[in-house]
Amino acid sequence: MKKVLITGSSGYIGSHLVDMLMRTLKYEVHCLDINSPQVVANRFYNIDINRQFALDVEFDCVIHLAAKVNVGESEHMPIQYYITNINGTMNIVNKVKTNNFIFASTGAAEQCGSAYGISKRAAEDVVREYFTTHRQTPYTIFRFYNVIRSEEHTSELQSHLNLVCRLLLEKK
């Protein structure tokens, strides 16, 4: 059974993805978040990605969703966004052993018009450089566009998550 770690598993995208992987694909799903889990998984780690941590588990895949994500807030608190989205990502790529890494980025990384977009673009660069130069691990950077938290947009989110699941199935 494929063992997957989802960071940011208690968020909107993460909780839907956990549910999909557990219910549909029957993966062994481990979750990592600073907030309480929204969906039951095989294992939950209450960890702040900004702090030092250790996981003694190797995963078939890590799906890194944990981030600060409010564009407006990022303009008032840019340092918090740089710390979480860049340093937090560096902690994940450095501390978690995996055979495949999927990084959830954003369309805002394309234009870099906010601290949020800048921090996510820098995190993309960290992922690219680290897994190409230092750990030769397959990785995917997946940019989500306009994910809206509402029941009427659940089908749009579902199509994004289907793509993520296809990436998991292709990298056996």
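In what follows, the structure referred to is the one given above.
Just so it is clear, the structure is predicted and the values come from calculations on it, not from any experiment. (Residues numbered from 1 in each chain as written. Predicted model: local features only at pLDDT ≥ 70, side-chain atom pairs only at ≥ 80, totals over all residues. Heavy atoms only, no water.)

Participant: For this particular structure, what's the right way to read the sheet that holds strand β5 (residues 61-64)?
Facilitator: In any sheet, the strands associate via hydrogen bonds between backbone groups, in a parallel or an antiparallel arrangement. The parallel open sheet is built from six strands, whose spatial order is β3-β2-β1-β5-β7-β8. Both edges of this open sheet fall to β3 (43-46) and β8 (139-144), since each of them pairs with a single strand only. For this sheet the average axis-to-axis angle between neighbouring strands, irrespective of direction, equals 20°. Where strand β1 (residues 3-7) lies against β5, four bridges are found, and the strand directions are parallel. Across the sheet, the residue bridging to L5 is V62, located in β5. The strands that helix α1 (residues 12-25) touches are β1, β2 (28-33), β5 and β8; relative to β1, the one it contacts most, it runs at about 165°. (Pairing = 2+ DSSP bridges. Helix = DSSP H or I, 4+ residues; strand = E, 2+ residues; numbered from the N terminus. Axes fitted to C-alpha atoms, helices over the stretch in contact; angles between N-to-C directions. Contact = heavy atoms within 4.5 Å.)

Participant: Got a minute to help me understand the environment of A108 in this structure?
Facilitator: For A108, the location among the structural elements is in helix α4 (residues 108-111). Apart from the residues within four sequence positions on either side, A108 is in contact with G113, Y116 and G117.

Participant: Help me understand the side chain of N91, please; the structure alone is not making it clear to me.
Facilitator: Among the structural elements, N91 can be located in helix α3 (residues 78-95). On the basis of relative accessible area, N91 is assigned to the buried category, the value being 12%. Here N91 is in contact with I49, N50, R51, Q52, F53 and V96, once residues within four sequence places are set aside. (Buried < 20%, exposed > 50% of the residue type's maximum accessible area, 1.4 Å probe, protein only.)

Participant: Just checking my understanding: could you explain the pattern of salt bridges for this structure?
Facilitator: Should their charged atoms come close, side chains of opposite charge can pair. Throughout the structure, instances matching the rule amount to seven salt bridges. Here R51 ties to D48 by a salt bridge, and the two come within 3.9 Å at their closest N and O atoms. Judged by its relative accessible area of 25%, D48 is partly exposed. One salt bridge in this structure joins K68 and E73, with 3.9 Å as the shortest N-O distance. Residue classification places K68 among the partly exposed residues on the basis of a relative accessible area of 25%. One connected set of salt bridges, linked through shared partners, spans E110, E124, D125, R128 and R143. (Salt bridge = Lys/Arg side-chain N within 4 Å of Asp/Glu carboxyl O.)

Participant: Explain the pairing of β5 here, please?
Facilitator: The side chains of a regular strand alternate between both faces of the sheet. Going residue by residue along β5, you find C61 and I63 tucked away on one face and V62 and H64 tucked away on the opposite face as well. Here three bridges tie β5 to strand β7 (residues 101-106), and the two strands are oriented parallel to one another. From the neighbouring strand, I63 faces β7, where its bridge partner is I102.

Participant: Looking at this structure, I do not really get the nonpolar core. What am I missing?
Facilitator: In a soluble, globular protein the nonpolar side chains are often hidden away together inside. Ranked by internal contacts, the top residues of the largest apolar core, which has 22 residues, are L5, Y45, L55, F59, V96 and F101. Looking at this core, the elements with two or more residues in it are α3, β7 and α5 (115-134). Setting aside residues up to four positions removed in sequence, L55 forms contacts with L5, L32, Y45, I47, K95, V96 and K97. The next biggest cluster of nonpolar side chains, apart from the first, holds 20 residues, and it includes V4, I13, I102 and F142. (Core = buried A, V, L, I, M, F, W, Y, C linked by side-chain atoms within 4.5 Å.)

Participant: Sorry, what's going on with unusual backbone geometry here?
Facilitator: Most peptide bonds adopt trans geometry, and most residues besides glycine take a negative phi value. Here K26, not a glycine, exhibits a phi torsion of approximately 60°, which is positive. Structurally, K26 can be placed in the loop between α1 and β2. Its relative accessible area of 54% is what places K26 among the exposed residues. Within the chain, C112 stands out as a residue other than glycine whose phi angle is a positive 55°. Inspection of the secondary structure puts C112 in the loop between α4 and α5.

Participant: Mind showing me how you'd approach the packing of aromatic side chains here?
Facilitator: Between two aromatic rings, the relevant description is the distance of the centres plus the angle of the planes. On inspection of all chains with the given rule, the structure shows five aromatic pairs. Aromatic side chains F142 and F144 sit 4.8 Å apart centroid to centroid with 65° between the ring planes, which places their arrangement in the edge-to-face category. F142 sits in the buried class, given a relative accessible area of 12%. By way of ring pairs, the aromatic residues F101, Y130, F131 and Y139 are connected into one cluster. (Phe/Tyr/Trp six-rings, centres within 6.5 Å; stacked < 30°, edge-to-face > 60°.)

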